[in-house]
Amino acid sequence: TGNITFALAGNQNSGKTTLFNHLTGSSQRVGNFPGVTVERKDGRIKDHEYAVIVDLPGIYSLSPYTSEEIITRDFIISEKPDGIINIVDATSIERNLYLTLQLLELSVPMVIALNMMDEMRAAGNTVKVTALAKELGVPVVPISAAKNEGIHELVDCAITAARSRTKPEPRDFCSGPVHRCIHGIAHLIEDHAEQLGIPPRFAAAKLVEGDAPMEKQLRLSENEKEGIRHLAEDMENEMDTDREAALADTRYSFIEGVVSRTVVKSGKNPGRDR
Ligand code: GDP
Ligand code: MG
Ligand code: K
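Every chain begins its residue count from 1, and numbering advances along the sequence as written. Labels follow written order: the first chain is A, the first ligand is 1, and so on. Note on the predicted model: pLDDT of at least 70 is required for a residue's local features to be given, and 80 or more for side-chain atom pairs to be given and counted; whole-chain, interface and lining totals, by contrast, use all residues. As a convention, hydrogens and water are excluded, and side-chain values are obtained from all of the structure's heavy atoms.

Looking up the chain in an unreviewed UniProt entry gives the name Ferrous iron transport protein B, with the organism given as Breznakiella homolactica.

Pasting the structure below:
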């Protein structure tokens with residue numbers, strides 16, 4: 001059967017450390033990611049000693065703005081973990097799903113650990129977990145890291161996804177001009193991206209955002225860069241907004257749709273998001 005490696009990824013304050021401690025108990029090792037002072041912790045999952053989990057830094061996106069964000073995407077792209085456990089704070093679900101959408105595009109088996117369910121319950125709010133999983137194309141396991149609830153189910157689900165190499169079912173997060181732009185660029189850079197093991201759609205979205213490290217990594221020709229510029233400018237003209245805003249708006253409107261169909265708030269205690 002061999003070893004399995006998981007990456008644990010999520011926003012700051014989503015409960016990542018609390019979950020990591022429950023998963024690994026006392027088997028943690030602390031080091032640094034190569035070349036940077038960002039802490040790297042890994043450990044073996046209790047009762048599943050063949051499964052190693054690496055705690056990635058808390059981040060909000062996979063854009064190259066901070067070394068934490070770059071480390072996370074480089075780790076997933078180059079070390080190719082067998083699975084990602086994406087911890088999501090259910091009480092700030094809109095903001096947390098922004099990272100989730102980008103992680104999904106990395107095409108690695110993934111499970112969402114929907115955390116803080118105790119707080120959701122206390123506020124009288126519920127999440128239609130099965131519907132959420134269907135909308136996102138990956139399993140969702142409700143947990144409360146602080147109360148040690150749902151952890152076994154999460155581990156079983158993550159190991160099953162990793163062993164069966166079940167990748168997220170592709171979902172189209174964008175429509176109209178953004179869709180045309182991303183698909184046009186993905187087509188243009190497909191060969192470069194695939195050679196490097198980077199999913200073309202992920203690379204294309206990053207290029208639309210003007211991601212300089214990604215441009216360099218892909219070793220694009222001047223012609224290709226010109227083609228990308230054209231596609232992005234067409235989109236900007238059609239949308240009457242800049243490329244980064246166009247992409248962020250598209251992601252957030254997808255998320256708003258998903259959340260409106262899957263999160264039921266009682267109205268008593270509307271929580272942090274609203
Ligand atoms: P990190 O920044 O993602 O590593 O988050 P932490 O594990 O440090 O948790 C942030 C805060 O949320 C801490 O005060 C935790 O005790 C709390 N927390 C974590 N998980 C849960 C949970 O399931 N329910 C509740 N109510 N609080 C939680
Ligand atoms: Mg932490
Ligand atoms: K909290």
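From this point, the discussion proceeds with the structure in view.
A separate point is the overall build of the chain. Secondary structure is summarised from DSSP: a helix means a run of H or I of at least four residues, a strand means a run of E of at least two, and numbering begins at the N terminus for each. Looking only at helices and strands, one finds 11 helices and 9 strands in the chain. As a reference, a globule follows 2.2 Å times the number of residues to the power 0.38, and the radius of gyration itself is taken over C-alpha atoms. A compact globule built from 274 residues should have a C-alpha radius of gyration of about 19 Å, and the chain, at 19 Å, falls within 12% of that. Oriented by its inertia axes, the alpha-carbon framework of the chain measures out at about 55 × 45 × 35 Å. Residue burial in the chain is summarised as follows: out of 274 residues, 52% are buried. Here, two residues are considered to be in contact whenever any of their heavy atoms come within 4.5 Å of each other. For the chain, long-range pairs separated by at least 24 residues make up 70% of all intrachain contacts whose partners lie at least 6 apart in sequence. Per-residue and other accessible areas follow the Shrake-Rupley method at a 1.4 Å probe size, with only the shown protein chains counted as cover for residues. As presented, the chain carries roughly 12,800 Å² of accessible surface, and 49% of it is formed by carbon and sulfur atoms. When accessible area is computed with a 1.4 Å probe and restricted to protein chains, residues below 20% of their type maximum are described as buried, those above 50% as exposed, and intermediate ones as partly exposed.

Turning next to the site of ligand 1. Whether a residue is near a molecule or strand is decided by its heavy atoms; if any one of them lies within 4 Å of it, the residue is near. Near ligand 1 there are 15 residues, and of these Asn13, Lys16, Thr17, Thr18 and Asp118 occur at the shortest range. One of the backbone nitrogen or oxygen atoms of Gly15 is found 3.0 Å away from an oxygen atom of ligand 1. In the complex, 69% of the free accessible area of ligand 1, which totals 580 Å², lies under the protein chains. Of all the elements in the fold, those that place two or more residues in the shell around ligand 1 are helix H1 (16–24) and helix H4 (117–122). If one sorts the elements of the shell around ligand 1 by residue count, H1 sits on top with 3 residues. Classification used: nonpolar for Ala, Val, Leu, Ile, Met, Phe, Trp, Tyr, Cys and Pro, charged for Asp, Glu, Lys and Arg, polar for all others including Gly. Counted by class, the shell around ligand 1 contains 3 nonpolar, 9 polar and 3 charged residues. By the criterion applied in these results, polar contacts are pairs of N or O atoms within 3.5 Å in which, for protein atoms, one can donate a hydrogen and the other can accept it, and in which residues neighboring in sequence qualify only through two side-chain atoms.

Moving on, we come to the packing of aromatic side chains. We describe a pair of aromatic rings using the distance from one ring centre to the other and the angle between the two ring planes. Between rings of Phe, Tyr and Trp, where Trp is taken as its six-membered ring, a pair exists when centres lie within 6.5 Å; planes separated by under 30 degrees are stacked, by over 60 edge-to-face, and by other angles tilted. Enumeration according to the criterion identifies 3 aromatic pairs in this entry. Their ring planes at 20° and their centres at 4.7 Å tell us that Tyr98 and Tyr252 sit as a pair that is stacked. Pair noted here: Tyr98 is in helix H3 (residues 93–104) and Tyr252 is in helix H11 (residues 243–262), with a separation of 154 residues, a long-range link. For Tyr98, a relative accessible area of 12% puts it in the buried group. Between Phe173 and Phe254, the ring centres sit 4.7 Å apart and the planes meet at 75°, which makes this aromatic pair edge-to-face. With a gap of 81 residues between them, Phe173 in the loop between helix H6 (151–163) and helix H7 (176–195) and Phe254 in helix H11 connect regions that are remote in the sequence. Since its relative accessible area comes to 10%, Phe173 is described here as buried. Overall, Phe254 belongs to the buried group, its relative accessible area being 18%.

Per the UniProt entry, the sites bearing "binding site: GTP 3" (unreviewed entry) are Asp55, Leu56, Pro57 and Gly58 in this numbering. Considering the arrangement of structural elements, one finds Pro57 in the loop between strand S4 (48–55) and helix H2 (67–79). Mapped onto the secondary structure, Gly58 falls in the loop between S4 and H2. When its relative accessible area of 16% is taken as the criterion, Gly58 is described as buried. UniProt positions are given in the numbering used here, feature names are shortened, and annotations may be inferred rather than shown by experiment.

Once that is clear, we can look at the UniProt feature "binding site: GTP 5" (unreviewed entry) in the chain. When the UniProt feature table is mapped onto this chain numbering, "binding site: GTP 5" (unreviewed entry) sits at Ser144, Ala145 and Ala146. By the element assignment, Ser144 lies in the loop between strand S8 (140–142) and H6. Under the relative-accessibility criterion, Ser144 is labelled buried at 1%. If near-sequence neighbours (up to four positions away) are discounted, Ser144 is found in contact with Asn115, Met116, Asp118 and Glu149. Topologically, Ala145 is positioned in the loop between S8 and H6. Dropping the residues within four chain positions of it, Ala145 is found in contact with Gly15, Thr18, Leu19, His22, Asn115 and Ile151.

For a helix, the expected span equals 1.5 Å multiplied by the number of residues minus one. For H7, with 20 residues, the first-to-last C-alpha span of 29 Å sits near the 28 Å given by 1.5 Å per residue. At Ile189, H7 shows its maximal bend, which comes to roughly 65°. Listed as buried for H7 are Pro177, Val178, Cys181, Ile182, Ile185, Ala186, Ile189 and Ala193. Where H7 is buried, its residues touch helix H8 (200–208), helix H10 (222–239) and H11. Downstream of H7 by one or two residues, Gly197 has phi in the positive range, about 75°. The angle separating two fitted axes, one through the seven residues that finish at a residue and one through the seven that start at it, defines the bend at that residue.

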